[in-house]
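An overview of the molecular structure
Listed below are the residues making up each chain.
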Amino acid sequence: MAYMSMGEAHRRITDYLNRFSDAVSSQDVASLKQLLSFSSNSPSLLSLADSLNVFQDANRLIKQSDNYSPFADITVPLFRSLQHYRTGNLVDAYLAFEKSANAFIQEFRNWESAWALEALYVIAYEIRVLAERADRELASNGKSPEKLKAAGSFLMKVFGVLALGTVHLCRSVIRSIETARIFDFEEFPKRDKVTYMYYTGRLEVFNENFPAADQKLSYALINCNPRSEANIRSVSAVLIVMILKYLIPVKLSIGILPKDWLLEKYNLVEYSNIVQALRRGDLRLLRHALEEHEDQFLRSGVYLVLEKLELQVYQRLFKKIYIIQKQKDPSKAHQMKLDVIVKALKWLEMDMDVDEVECIVAILIHKNLVKGYFAHKSKVVVLSKQDPFPKLNGKPVNS
């Protein structure tokens, strides 16, 4: 390193801090990315590291300035990391960078928009690179490499920040986590695994991939509600409710109805009438429940999922008609007249003509919710004598 005066070192440090402050205030993500890219080994960052070794009072400079102090939690450990990185002390460089990265996430949450998203990606990349190099250093010194695991936990945090307001941006982070062979998911802390499964489960709901949503959200629920009494007291009931608000619609979509005590225990009364509508085959009740809690369901993103339960309600209604006919005349139970269905719907104050009912029955047959065929001339549905109303058995309605 060529000789550098104290004044020149001070100028380079303040130049970096001004560029950082200006990038944030003007939301200039391109400039911010350059200021965070350690692994690029850019001459400006390397000279900054040298400057920090010459002018060793940068922390006071940052904390006493109105322009720099708002970002002190990011820049102070970032400078420390850069100094360690320059001298090849990669473990300490990683630890300091992780502290800076966590502070950046906190700031990112507070910003009104996701303008700094690309900078967050850079931080996620840099922390992984630093973790790999730090682990090589640890291994060469006969110590256990553990920084990649810590970097994995940070990636989980990044994912939590992204989900779910930026759904389309989450997939690359998920792919990084699920395809990275360097991470063993089960070795992550339980709280990170629960968070990850909760958010990826919500994404699967958004994508209407209900079996995957069921698996992920069920995992989150089981692991945030351990059986140990001491742990139960430490687990927030709010988290359980958050999971159930998505898991219940998923379970309903695959034909599994929650117990009444569960809805009462966690005050999820908005689902009570929906469950009753499915049990009774009461289309009117379902629509009233959706209308009553429409705002709530729309905010959580499950309204369309619940609306599609109408097909299961129709199936249940037709099954009840079939059971009544079977009790009256078992020999003709498998022949269901469309006008009987029309009358049942009118009793529920649902006005539909025969053509509309025929269309609904056709959809139910197509979706494998009803086994049978039409006798069009006589306006009759001829039901299969073997299992005319198949159960979903934990599988979603055919698309």
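These remarks concern the structure in this document. (Residues numbered from 1 in each chain as written. Predicted model: local features only at pLDDT ≥ 70, side-chain atom pairs only at ≥ 80, totals over all residues. Heavy atoms only, no water.)

Concerning unusual backbone geometry
- Although it is not a glycine, Asn 267 sits at a positive phi angle of roughly 55 degrees.
- In this fold, Asn 267 is placed in the loop between helix H14 (260–265) and helix H15 (272–280).
- The residue Asn 368 is not glycine, and still its phi comes out positive at about 65 degrees. (Helix = DSSP H or I, 4+ residues; strand = E, 2+ residues; numbered from the N terminus.)

Side note on the environment of Val 54
- Looking at the secondary structure, you find Val 54 in helix H3 (residues 43–54).
- Separated by 208 residues in sequence, Val 54 and Leu 262 have C-alpha atoms that sit 64 Å apart.

Considering the packing of helix H1 (residues 6–25) against helix H5 (residues 72–87)
- Between H1 and H5, whose axes approach to 12 Å, the crossing angle comes to 140 degrees. The angle between H1 and H5 falls in the class oblique. Remark: the crossing between H1 and H5 carries right-handed chirality. In contact with Ile 13, Tyr 16, Leu 17 and Phe 20 of H1, H5 contributes Ile 74, Thr 75, Leu 78 and Phe 79. (Axes fitted to C-alpha atoms, helices over the stretch in contact; angles between N-to-C directions. Parallel < 35°, antiparallel > 145°, perpendicular 65-115°, else oblique. Left-handed = near helix turned anticlockwise from the far one by under 90°. Contact = heavy atoms within 4.5 Å.)

As for helix H19 (residues 310–328)
- Its 19 residues place the ends of H19 27 Å apart at the C-alpha level, agreeing with the 27 Å of an ideal helix rising 1.5 Å per residue.
- Looking at H19, one finds that the buried residues are Glu 310, Leu 311, Gln 312, Val 313, Tyr 314, Gln 315, Leu 317, Phe 318, Ile 321, Tyr 322 and Gln 325. (Expected span 1.5 Å × (residues − 1). Buried < 20%, exposed > 50% of the residue type's maximum accessible area, 1.4 Å probe, protein only.)

Some words on the nonpolar core
- Core analysis: the largest hydrophobic core is formed by 76 residues, its most contacted members being Ile 274 and Phe 318.
- Of all the elements, helix H13 (residues 237–253) adds the most residues to this core, at nine residues.
- If sequence neighbours within four positions are ignored, Phe 318 has contacts with Met 336, Ile 341, Ile 360, Val 361, Leu 364 and Phe 389. (Core = buried A, V, L, I, M, F, W, Y, C linked by side-chain atoms within 4.5 Å.)

So, the sheet that holds strand S3 (residues 380–383)
- Read from one edge to the other, the open sheet built from three strands follows the order S1-S3-S2, with strand pairing classed as antiparallel. This sheet does not close on itself; its edge strands, each paired only once, are strand S1 (335–337) and strand S2 (372–375). The sheet shows a mean angle of 25 degrees between the axes of neighbouring strands, taken without regard to direction.
- Along the sheet, H19 contacts S1 and S3; its crossing angle with S1, the most-contacted strand, is approximately 115 degrees.
- Its contacts with the sheet put helix H21 (residues 354–366) on S2 and S3, and the angle it makes with S2 is roughly 150 degrees. (Pairing = 2+ DSSP bridges.)

A look at a negative patch on the surface
- There is a patch of like negative charges on the surface, built from Glu 291, Glu 292, Glu 294, Asp 295 and Glu 307.
- Where the negative patch is concerned, the elements lending two or more residues are helix H16 (283–292) and helix H17 (294–300).
- Turning to its location among the elements, Glu 291 is positioned in helix H16. (Patch = residues over 30% accessible without salt bridge, like charges linked within 9 Å, V, L, I, M, F, W, Y side chains within 5 Å. Areas by Shrake-Rupley, 256 points an atom, 1.4 Å probe, with all protein chains shown as cover. Salt bridge = Lys/Arg side-chain N within 4 Å of Asp/Glu carboxyl O. Lys, Arg positive; Asp, Glu negative; His and termini not counted. Charge placed at Lys NZ, Arg CZ, Asp CG, Glu CD.)

Structural notes on the environment of Val 397
- Counting through the fold element by element, Val 397 comes out in the segment after S3.
- Note on Val 397: relative accessible area 21%, which makes it partly exposed.
- Sequence separation of Val 397 and Ile 254 is 143 residues, and the distance between their C-alpha atoms is 6.9 Å.
- Setting aside residues no more than four positions away along its own chain, Val 397 makes contact with Ser 253, Leu 311, Gln 312, Lys 367, Leu 369 and Leu 392.

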